[in-house]
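The lines below spell out each chain.
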Amino acid sequence: MMKECEYRQIALAPGNGSTPGPQAPATGKQRRRRKWESFAGKNRFFCDGRLMSGRQSGAFYLTLGLIFSTSGLFFGFDCPYLTENLTLAIPIIAGLLFLFVVSTLLHTSFTDPGILPRATPDEAADLERQIDNPGGSGYRPPPRTKEVVINGQTVKLKYCFSCKMFRPPRTSHCSLCDNCVERFDHHCPWVGNCVGKRNYRFFYMFLLSLSFLTAFIFACVITHLTLRSQNTGLLNALQETPASALELVVCFFSVWSILGLSGFHTYLVASNLTTNEDIKGSWSSKRSSEENTNPYSYNSIVSNCCAVLCGPMPPSLIDRRGFLDPDQIQLPGPQRKVSQGAKPEVNLSTPTSFFQSGLCVLNKTVPGKAAVVCATATPGRIKPSHPQEKTVQLKFQASRTGSSPSA
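Residues numbered from 1 in each chain as written. Predicted model: local features only at pLDDT ≥ 70, side-chain atom pairs only at ≥ 80, totals over all residues. Heavy atoms only, no water.

(A) Region of interest: the packing of aromatic side chains. Counted according to the given criterion, the structure contains 16 aromatic pairs. For the ring pair tryptophan 36 and phenylalanine 45, a centre distance of 5.8 Å and an interplane angle of 40 degrees mean the geometry is tilted. A relative accessible area of 22% means that tryptophan 36 is categorised as partly exposed. Plain terms: the ring middles of tyrosine 159 and phenylalanine 166 are 5.3 Å apart, the flat faces sit at 70 degrees to each other, and that makes the pair edge-to-face. In terms of burial, tyrosine 159 and phenylalanine 166 fall into one category: buried. Through pairs of rings, three or more aromatic residues link up here, namely Phe46, Phe60, Tyr61 and Phe110. Above the plane of the ring of phenylalanine 323 lies arginine 32, whose end atom (NZ or CZ) is 4.4 Å from the centre. (Phe/Tyr/Trp six-rings, centres within 6.5 Å; stacked < 30°, edge-to-face > 60°. Buried < 20%, exposed > 50% of the residue type's maximum accessible area, 1.4 Å probe, protein only. Lys NZ or Arg CZ within 6 Å of the ring centre and 35° of its normal.)

(B) Layout of the pairing of strand S5 (residues 153-160). The sheet contact formed by strand S4 (residues 145-150) and S5 spans 6 bridges and is antiparallel. Following the sheet pairing, valine 149 is matched in S5 by threonine 154. Where S4 folds back on S5, the antiparallel hairpin that results is connected by 2 residues, among which asparagine 151 adopts a positive phi of roughly 50 degrees. In terms of strand pairing, S5 meets strand S6 (residues 165-166) through 2 bridges, oriented antiparallel. By the bridge assignment for S6, tyrosine 159 is matched with phenylalanine 166. Connecting S5 to the next strand, S6, in antiparallel fashion are 4 residues, including lysine 164 with a positive phi near 60 degrees. (Pairing = 2+ DSSP bridges. Helix = DSSP H or I, 4+ residues; strand = E, 2+ residues; numbered from the N terminus.)

(C) Representation of the pattern of salt bridges within the structure. What the rule picks out here adds up to 10 salt bridges. In this structure, aspartate 48 engages arginine 34 in a salt bridge whose closest nitrogen and oxygen atoms are separated by 3.1 Å. Pair noted here: aspartate 48 is in the loop between strand S2 (43-46) and strand S3 (51-54) and arginine 34 is in the loop between strand S1 (5-10) and S2, with a separation of 14 residues, a long-range link. Overall, arginine 34 belongs to the buried group, its relative accessible area being 15%. Across the pair arginine 228 and glutamate 240 runs a salt bridge whose closest N-O atoms are separated by 3.0 Å. Of the two residues, arginine 228 is situated in helix H4 (residues 200-232) and glutamate 240 in helix H5 (residues 234-240); the sequence distance between them amounts to 12 residues. (Salt bridge = Lys/Arg side-chain N within 4 Å of Asp/Glu carboxyl O.)

(D) Main features of the packing of helix H1 (residues 58-85) against helix H2 (residues 89-109). The N-to-C vectors of H1 and H2 enclose an angle of 170 degrees; their axes lie 10 Å apart at closest approach. Taken together, the axes of H1 and H2 lie roughly antiparallel to each other. Counted together, Phe60, Thr63, Leu64, Ile67, Phe68, Ser71, Phe74, Phe75, Cys79, Leu82 and Thr83 of H1 and Ile90, Pro91, Ala94, Gly95, Phe98, Val101, Val102, Leu105, Leu106 and Ser109 of H2 form the full contact between these two elements. Among the residues making up the contact of H1 with H2, the classes are represented as 16 nonpolar, 5 polar and no charged. (Axes fitted to C-alpha atoms, helices over the stretch in contact; angles between N-to-C directions. Parallel < 35°, antiparallel > 145°, perpendicular 65-115°, else oblique. Contact = heavy atoms within 4.5 Å. Nonpolar A, V, L, I, M, F, W, Y, C, P; charged D, E, K, R; others polar.)

(E) The nonpolar core, seen in detail. With 41 residues, the main nonpolar core has Ile67, Phe74, Leu105, Tyr200, Phe203 and Phe206 as its most contacted residues. Looking at this core, the elements that each hand over two or more residues are H1, H2, H4, helix H6 (242-271) and helix H8 (301-309). Looking at this core element by element, the count peaks at 13 residues for H4. The contact partners of isoleucine 67, leaving out residues within four places of it in the chain, are Phe98, Val101, Val102, Leu105, Phe206 and Leu210. (Core = buried A, V, L, I, M, F, W, Y, C linked by side-chain atoms within 4.5 Å.)

(F) Representation of the environment of arginine 32 in the model. Within the fold, arginine 32 resides in the loop between S1 and S2. The class of arginine 32 is partly exposed, set by a relative accessible area of 48%. Separated by 291 residues in sequence, arginine 32 and phenylalanine 323 have C-alpha atoms that sit 6.6 Å apart. What arginine 32 contacts, discounting residues up to four positions off in sequence, is Phe323 and Leu324.

(G) A look at unusual backbone geometry. The phi angle at lysine 164 is positive, at roughly 60 degrees, despite the residue not being glycine. Position of lysine 164 relative to the elements: it lies in the loop between S5 and S6. The backbone phi angle of arginine 170 is positive, close to 70 degrees, even though this residue is not glycine. Within the secondary structure, arginine 170 sits in the loop between S6 and strand S7 (172-174). For arginine 170, a relative accessible area of 17% translates into the label buried.

(H) Molecular detail of a nonpolar patch on the surface. Taken together, the side chains of Val249, Phe252, Phe253, Trp256 and Leu259 define a hydrophobic patch exposed on the protein surface, amounting to about 550 Å² of accessible area. Examined against the element boundaries, tryptophan 256 turns out to sit in helix H6. (Patch = residues over 30% accessible without salt bridge, like charges linked within 9 Å, V, L, I, M, F, W, Y side chains within 5 Å. Areas by Shrake-Rupley, 256 points an atom, 1.4 Å probe, with all protein chains shown as cover.)

(I) Here's a closer look at the sheet that holds S5. One open sheet holds the 3 strands; their spatial order is S4-S5-S6, and the pairing between them is antiparallel. Of all strands in the sheet, those bounded by a partner on one side alone are S4 and S6.

(J) Structural view of the packing of H2 against H4. Contact pair H2 / H4: the axes reach a minimum separation of 8 Å and the direction vectors enclose 150 degrees. Considering the angle they form, H2 stands roughly antiparallel to H4. Here the hand of the crossing between H2 and H4 comes out left-handed. Between H2, through Ile90, Ile93, Ala94, Leu97, Phe98, Phe100, Val101, Thr104, Leu105, His107 and Thr108, and H4, the contact on the second element is made entirely by Phe202, Phe203, Met205, Phe206, Ser209, Leu210, Phe212, Leu213, Phe216 and Cys220. Split by residue class, the contact of H2 with H4 holds 17 nonpolar, 4 polar and no charged. (Left-handed = near helix turned anticlockwise from the far one by under 90°.)

Okay, here's the thing in structure tokens:
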């Protein structure tokens, strides 16, 4: 077990015998920070917060590369022959499908999926008081849950410990992006983003158009090879156009999975369900002996499709491009907010593994406040938060450049 742990904390305001350190000279007007720069979720932002996506984007670039490479080979090696021997409509149709696929993919990947903003410290504290003192003497649901009735169906709202709020209906917390997403469907690594209320229509259109493009290229490549093999034979045709053979293999192994995924999401759209609800069996009659019907369905395939795909685009609830309050700095991570003039606090209920892991290092500078307090923890006594943690002795001593009283 580690015997010592050192951490650093910013002294945001002078006081308690401390003297402010040397301040950096002012260099003109200070740039105001926008809210996306201190966003708590695990997302990437582009174009000064106008675009956003998930952090794990490796599979997204693979998807983009496969689409561009397969389509490029088709336009370069198959379209000239088919245009000369069949019709000019083939490259035109393929070009329109390709543009629509890329457009819907980019919309899905760089659109806010419907992230809900986290509760502020005041809102979280007020909610905690409501949970601790629910009031009333009637039936109360289990702690950290609420029950609402939607179209005669009881729906449980779960409490999110990361966002410090009760999740609205159909909302779920994505562990990869660390956000609560409204009408959460799933996190798709192939598009590099969550799929939710605000980008599901783009995701569905992407699957549908990609199915048509893959099937169209597959059929055209077979036609191209068939026409060439009539004069020279199949083997000679494959030797003359090896790119067509590569396209044939790629399309053959991908078209079935893409068509199956498109069919599955067509069923979800027609039923007004999400992937998350379908996997969990939230509205399946097998899960409960009582009648368990989908309260969000309009009992009509056309109405469900219109509600999911043709409704108005809801606005984004996170103000990504808004400016941060100069008196308040929010660090990335759940509920970490520092106010100028506030005193640093040490949470003694933190498990000992926290001190061992090095997560207690805070090295952030606050404009205009350059004083830094360093503290050394030697064995003193704290109460462990977990039964398997060993109790250790912790004693805090504060020091800084120059003289400083012990803490």
